[in-house]
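For reference, the chains in residue letters:
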Amino acid sequence: MNDKFYALPKEKQDRILNAGFRVFSKNSYKKSPMNEIAAEAGISKSLLFFYFRNKKEFYLFLMKTAEELTAKYVLESGCYKELDIFEMMYKGLLAKAEMMRVYPDMSTFALKAYYEEDEEIHEDIRKIVEPYRKLSTNTALPPLNPNDYKEGLDLTMMYQNMYLASEGYLFQMQNNGKIDIDKIIEDYRNLINFWKQLFLK
C-alpha cells in the first residue's frame, strides 16, 4: 500500500507529509482541501491523488504515520532503558523535540485527528489509536524507590504531574508560532532540575 509514495525520495515524502499535517491541523477534516495540501507540498493536486486515492486515505495514512513515527523516535531515544525517571522523561522530551524539527505540525495534527468526529473517518481513526490507548505508560516506568523522594510523596501523582506539565509545555510552544527547538530543550532541562530539587531528598 502507498508504494508509489514510498518510492519518492525522503525529502519529497516529508514535504507531502508536512503539508498534510499543517493543513489538517488548522482545519477540520471536511474543511481541509486537497488542493491546498498539494500547493503546500509544491506538487499538483492530480499528483497527490496519484499517491493517495482520496482525502480519506491520505488522512488515515497521516494518522498512522504520526503514531509510527512517534513510537520510533521515542524508542530510539533510549528513554525506556533509563533507570532514572527524570532522565527517562528528559530523553523522551528530546525525542519529541527532534521529531518536531522534522515534522513541526505532526503532534498538533494527531491531537486534532484524535478528536475528529467526522463520520467518514471517525471509526477508522479509533481503530488506528486503539492499540496505543491500551498501552500503559506506567509499565515502562523504572522502579521508584520511595526512600529517594521526600517523605509522604505520592510517586504516581508526581509522575502524572511531570507528564502533564511536559505535554502542556510542548503544546504551548507549538501554539506560539515558530518553534525554537533549542529553547525547548534548554527550558526542559531547567524544568527537570527544578523537579529534582522539588521531589528528591
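Residues numbered from 1 in each chain as written. Predicted model: local features only at pLDDT ≥ 70, side-chain atom pairs only at ≥ 80, totals over all residues. Heavy atoms only, no water.

Let us now look at the overall build of the chain. In terms of helices and strands, the chain carries 10 helices and zero strands. When the helices and strands of the chain are read in sequence order from the N terminus, they spell out α-α-α-α-α-α-α-α-α-α. Seen through its principal axes, the chain has C-alpha atoms that stretch 65 × 35 × 30 Å. Here the chain holds 201 residues, and 43% of them are scored as buried. (Helix = DSSP H or I, 4+ residues; strand = E, 2+ residues; numbered from the N terminus. Buried < 20%, exposed > 50% of the residue type's maximum accessible area, 1.4 Å probe, protein only.)

Along the chain, the position of D118 falls in the loop between helix 7 (106-114) and helix 8 (122-134). The buried charged residue D118 lacks any salt bridge partner; its closest oppositely charged side chain belongs to K30, at an N-O distance of 4.0 Å. Once residues lying within four places of it in the same chain are set aside, the contact partners of D118 are Y29 and K30. (Lys, Arg positive; Asp, Glu negative; His and termini not counted. Salt bridge = Lys/Arg side-chain N within 4 Å of Asp/Glu carboxyl O. Contact = heavy atoms within 4.5 Å.)

Quick look at a nonpolar patch on the surface now. Judged by side-chain polarity, L111, Y115 and F171 come together as a nonpolar surface patch covering roughly 320 Å² of accessible area. Tracing the chain through its elements places F171 in helix 9 (residues 155-174). (Patch = residues over 30% accessible without salt bridge, like charges linked within 9 Å, V, L, I, M, F, W, Y side chains within 5 Å. Areas by Shrake-Rupley, 256 points an atom, 1.4 Å probe, with all protein chains shown as cover.)

The subject of this paragraph is helix 3 (residues 34-41). An α-helical turn contains 3.6 residues, so a residue and the one three or four places further along point in the same direction. Of all the residues in helix 3, the buried ones are M34, I37, A38 and A41. Each buried residue of helix 3 sits inside an arc of 100° when the element is viewed along its axis, so together they form one side. On its buried face, helix 3 is in contact with helix 2 (10-26), helix 4 (45-51) and helix 5 (55-76). Following helix 3 by one or two positions, G42 adopts a phi angle in the positive range, close to 75°. (Arc of directions from axis to C-beta.)

The final tally for this structure, using the stated rule, is 20 aromatic pairs. For the ring pair F5 and F52, a centre distance of 5.3 Å and an interplane angle of 50° mean the geometry is tilted. Here F5, found in helix 1 (residues 3-6), pairs with F52, found in the loop between helix 4 and helix 5; they are 47 residues apart in sequence, far enough to count as distant. Across this residue pair, the class does not change: F5 and F52 are buried. The interplanar angle of 75° and the centroid separation of 5.0 Å between the aromatic rings of Y29 and Y59 together place this pair among those described as edge-to-face. Here the residue Y29 occupies a position in the loop between helix 2 and helix 3, and Y59 occupies one in helix 5, the gap between them amounting to 30 residues. Accessibility expressed as a relative area gives 1% for Y59, which makes it buried. (Phe/Tyr/Trp six-rings, centres within 6.5 Å; stacked < 30°, edge-to-face > 60°.)

Moving on, we get to the packing of helix 2 against helix 7. Following both chains from N to C, one finds helix 2 and helix 7 inclined at 50°, their axes separated by 8 Å at the closest point. Between helix 2 and helix 7, the crossing angle belongs to the class labelled oblique. Judged by the twist between their axes, the crossing of helix 2 over helix 7 is left-handed. Contacts between helix 2 and helix 7 involve F21, F24, S25 and K26 from the first element and M106, T108, F109 and K112 from the second. Here the residues of the contact of helix 2 with helix 7 are counted per class, giving four nonpolar, two polar and two charged. (Axes fitted to C-alpha atoms, helices over the stretch in contact; angles between N-to-C directions. Parallel < 35°, antiparallel > 145°, perpendicular 65-115°, else oblique. Left-handed = near helix turned anticlockwise from the far one by under 90°. Nonpolar A, V, L, I, M, F, W, Y, C, P; charged D, E, K, R; others polar.)

Once that is clear, we can look at the environment of F52. Judged by relative accessible area, F52 falls into the buried class, the value being 0%. Residue contacts for F52: discarding those within four places in its chain leaves N2, F5, I16, E57, F58 and F61.

Moving on, we come to the environment of K55. Tracing the backbone shows K55 in helix 5. Taking the C-alpha atoms as reference, K55 lies 9.0 Å from S32; in sequence the two are 23 residues apart. Beyond its immediate stretch of four places on either side in the chain, K55 contacts F24, Y29, K30, S32, M34 and F49. Here K30 takes part through its backbone oxygen, which lies 3.4 Å from a polar atom of the side chain of K55. (Polar contact = N/O pair within 3.5 Å; in protein donor to acceptor, adjacent residues only side chain to side chain.)

This part is about the confidence of the model for the chain. With 94% of its residues at a pLDDT of 70 or more, the chain shows a mean pLDDT of 88. Across residues 135-139 the pLDDT falls below 50, and counting only partners more than four positions away or on other chains, this stretch makes two contacts in the model. (pLDDT = per-residue confidence, 0-100.)

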